[in-house]
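Overview (structure and organization)
Chain by chain, the residues run as shown.
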Amino acid sequence: MFLLNYLRLPALWLALSFFDQPPAGRFEEAARLLKPDRVFDGETMHEGWAVRVRGERIEAVGPAGSVPAAGAEVVDLKGTTLLPGLIEGHSHLLLHPYNETSWNDQVLKEPRAYRVARATVHARKTLLAGFTTVRDLGTEGADYDDVGLKQAIAQGLIPGPRMIVATRALVASGSYGPKGFSPDLDVPQGAEEADGHDRLIQAVRRQIGRGADVVKVYADYRWGLMADARPTFSLEEIRLIVETARSSGRPTAAHAATAEGMRRAILAGCETIEHGDAGTPEIFALMKEHKTALCPTLAAGDAVSQYRGWKKGVGPEPENVRQKRVTFRQALAAGVTICFGGDVGVFAHGDNARELEMMVEYGMKPLDVLRSATSVNADVFHLTDRGRIRPGLLADLVAVEGDPAQAIQAIRNVRLIMQGGKVVNN
Ligand SMILES: [Zn+2]
């Protein structure tokens, strides 16, 4: 009924068709010519290159002399390396470091408004560290608040990275947390419990309907009174999750720390495995064969060990840290695609570079680490409009002092951040 009346209003039609047109002046948008010392295009480092940006897109890139300067404002970035905006592969903007407040208390005691208010600060810090996109892998009890956060950023209401969101994530009944309560109590959970054919299909569709870009499943977890992680969902259940998500064009990411949890996630068709701590050479070979990417989250394990009292650089490395070094090297040796993602939120937002530094510390070449944080993550997350410096792609760019391919720490010394062609720092 409303629609019929609507259609009879010619003035409104005129107004609507007006808004279909590009805003006046869009084609006269000023061009900028960025002149750093070198350009990392997402794959290769090029000394003496320049980049021309117009509107929200990259217009040209190449040796400084070959990029047209006509009509462009020149931005002198002497002393810097220009890179594609960095893509964080594993964040939780709705969490903050566990040494500030335990995960249990964040989930059970913090008001949702407080968590969202904090998340807006986390989003700004992430962007100002040069991370222009994040894949946020679960709200941990904050339902669909990541969807609203994503919308507020996309509309320019608050500064923050472009977001790929997972919403609630899926866990097998009884397997997740908060833990440590009487078995007589039903404690609210940090993710959505669902099992079996119909309930899993419903949960995946519900999460997608409410805004999930990616479905996250916990293939294993520490559950019951056991201290170590064990597989949770059956292979058939994970396959059902993956197929339901895939039929709508969405990928599935799996939390998996055990070899068996990883094996089920790989065979079921999950596209990334988060953590992968107890992977074996056989499991990493299987990942390579199935083109499953590993998001190793080195910094999270390192941070949690320090929260438990390990004095890094002073005390001996705890067994889990030592083991993580071994399995990460096994994954590299097997040629597994390494996605960059630190599990930020376990440690401070804005300190995302900690994972990049640890990837180098654990044996990856700095240039490969830079690829991982740009073109590799873009490919793994199906982001065809970013992750490289190429004409036509989004002008999400970051200039850092020095050369991070020589010393990865340089990635922290950000001079300029551009998101969709707009300078977002200062
Ligand atoms: Zn996580």
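Computed from a predicted structure; not experimentally measured.

A word on the domain arrangement of the chain. Buried accessible area, meaning the area lost when the parts come together, often serves as the stated size of an interface. Looking at the assigned domains, one finds that the chain contains domain 1 (23-84 + 388-423) and domain 2 (86-380). For domain 1 versus domain 2, the separation of C-alpha centres amounts to 31 Å. Between domain 1 and domain 2, the contact holds 21 residues from the first and 24 residues from the second. Interface area for domain 1 against domain 2, summed over the two sides, is near 1900 Å², with a carbon-plus-sulfur share of 61%. The interface formed by domain 1 and domain 2 includes four salt bridges. One salt bridge connects Arg162 with Asp396, and the closest N-O pair in it is separated by 2.7 Å. At the boundary of domain 1 with domain 2, the tally comes to nine residue pairs in polar contact (both at pLDDT 80 or more). At the level of elements, β5 (72-84) and β18 (414-419) are the ones that each hand at least two residues to the side of domain 1 that touches domain 2. For the side of domain 1 that touches domain 2, the element with the most residues is β18, which contributes four residues. In terms of residue class, the side of domain 1 that touches domain 2 is built from 13 nonpolar, four polar and four charged.

The subject of this paragraph is the nonpolar core. Counting residues in hydrophobic clusters, the biggest one holds 67 residues, and the most contacted among them are Leu356 and Met359. Ranked by the residues each element gives to this core, the list is headed by helix α7 (residues 235-246), at six residues. Formed jointly, this core draws a minimum of three residues from each of two domains, domain 1 (23-84 + 388-423) and domain 2 (86-380). When near neighbours in sequence (up to four residues on either side) are disregarded, Leu356 contacts Phe131, Phe340, Val369, Ala373, Ile408 and Ile411.

This part takes up the environment of Asp41. Its place among the elements puts Asp41 in the loop between β1 (31-40) and β2 (45-47). Along the primary structure Asp41 and Ile389 are separated by 348 residues, whereas in three dimensions their C-alpha atoms are 4.6 Å apart. Engagement of the side chain of Asp41 in a polar contact is seen with the backbone nitrogen of Glu43, the distance being 2.8 Å.

As summarised here, the arrangement of the three strands in space is β6-β7-β8, forming an open sheet in which the pairing is parallel. The outermost strands of the open sheet, each flanked by one partner alone, are β6 (86-91) and β8 (162-165). For this sheet, the mean inter-axis angle between neighbouring strands, taken without regard to orientation, is 20°.

Here we come to the layout of surface pockets. Estimates place the volume of the largest pocket at around 1200 Å³. As for the largest pocket, its lining consists of 42 residues, of which Tyr221, Arg222, His255, Val304 and Arg308 are closest to the centre. Elements with a minimum of two residues in the lining of the largest pocket: α3 (103-109), β11 (215-218), β12 (220-222), α10 (298-307) and α11 (319-333). The element contributing the most residues to the lining of the largest pocket is α10, with six residues. Within the lining of the largest pocket, the residues separate by chemical class into 18 nonpolar, twelve polar and twelve charged. Size it by volume and the second largest pocket reaches roughly 880 Å³. Together, 34 residues line the second largest pocket, and Glu56, Arg162, Gln419, Gly420 and Lys422 are the ones closest to its centre.

A few words now on the confidence of the model for the chain. When the pLDDT values of the chain are averaged, the result is 94; 93% of them are 70 or greater. A low-confidence stretch, residues 1-27 (pLDDT under 50), is modelled with six contacts involving residues beyond four sequence positions or located in other chains.

We now examine the pattern of salt bridges. Scanning all chains against the criterion turns up 35 salt bridges. Put simply, Arg54 and Glu59 hold a salt bridge, and the shortest N to O gap is 2.8 Å. Within the structure, one salt-bridge network assembled from shared partners comprises Asp302, Lys312, Glu317, Arg325, Asp351, Arg354, Glu357, Glu361 and Arg412.

A word on the pairing of strand β3 (residues 49-54). Alignment of β1 against β3, held across four bridges, turns out to be antiparallel. Across the sheet, the residue bridging to Leu33 is Arg52, located in β3. In this sheet, strand β4 (residues 57-63) lies alongside β3 in antiparallel orientation, the contact comprising six bridges. Each residue of the ladder has a partner; that of Val51, found in β4, is Val61.

Phi is mostly negative for residues that are not glycine, and the peptide bonds are mostly trans. Cis peptide bonds are those with omega within 30 degrees of zero, and the linkage from Gly177 to Pro178 qualifies with 5°. Turning to its location among the elements, Pro178 is positioned in the loop between β9 (170-171) and β10 (192-193). Despite not being glycine, Lys291 has its phi angle at roughly 55°, a positive value. Tracing the chain through its elements places Lys291 in the loop between α9 (281-290) and β16 (293-295).

The description of an aromatic ring pair uses the distance of the two centres, along with the angle that the planes make with each other. As enumerated under the stated definition, the model contains six aromatic pairs in all. Note on Phe131 and Phe340: the rings are 5.9 Å apart at their centroids and 35° apart in plane angle, and the pair reads as tilted. Taken together, the positions of Phe131 in strand β7 (residues 131-136) and Phe340 in the loop between α11 and α12 (353-361) put the pair 209 residues apart, joining distant regions of the chain. The burial state of Phe131 is the same as that of Phe340; both residues are buried. Aromatic rings pair up to connect Trp103, Tyr176, Tyr218 and Tyr221 into one cluster.

Position of Glu260 among the secondary structure elements: in helix α8 (residues 259-268). When its relative accessible area of 28% is taken as the criterion, Glu260 is described as partly exposed. Linking Glu260 and Tyr362, residues 102 residues apart in sequence, is a C-alpha distance of 24 Å. There is a polar contact of 2.7 Å between the side chain of Glu260 and the side chain of Arg264.

How each quantity is defined
Residues numbered from 1 in each chain as written. Predicted model: local features only at pLDDT ≥ 70, side-chain atom pairs only at ≥ 80, totals over all residues. Heavy atoms only, no water. Domains from an automatic or database assignment. Contact = heavy atoms within 4.5 Å. Buried area = accessible area lost by both parts, 1.4 Å probe. Salt bridge = Lys/Arg side-chain N within 4 Å of Asp/Glu carboxyl O. Polar contact = N/O pair within 3.5 Å; in protein donor to acceptor, adjacent residues only side chain to side chain. Helix = DSSP H or I, 4+ residues; strand = E, 2+ residues; numbered from the N terminus. Nonpolar A, V, L, I, M, F, W, Y, C, P; charged D, E, K, R; others polar. Core = buried A, V, L, I, M, F, W, Y, C linked by side-chain atoms within 4.5 Å. Buried < 20%, exposed > 50% of the residue type's maximum accessible area, 1.4 Å probe, protein only. Pairing = 2+ DSSP bridges. Axes fitted to C-alpha atoms, helices over the stretch in contact; angles between N-to-C directions. 1 Å grid on protein atoms, 1.4 Å probe; cavity = no way out; pocket = protein on both sides within 12 Å on 5 of 7 lines; lining within 4 Å. Points joined across faces, edges and corners; volume = space filled by probe spheres on them. pLDDT = per-residue confidence, 0-100. Phe/Tyr/Trp six-rings, centres within 6.5 Å; stacked < 30°, edge-to-face > 60°.

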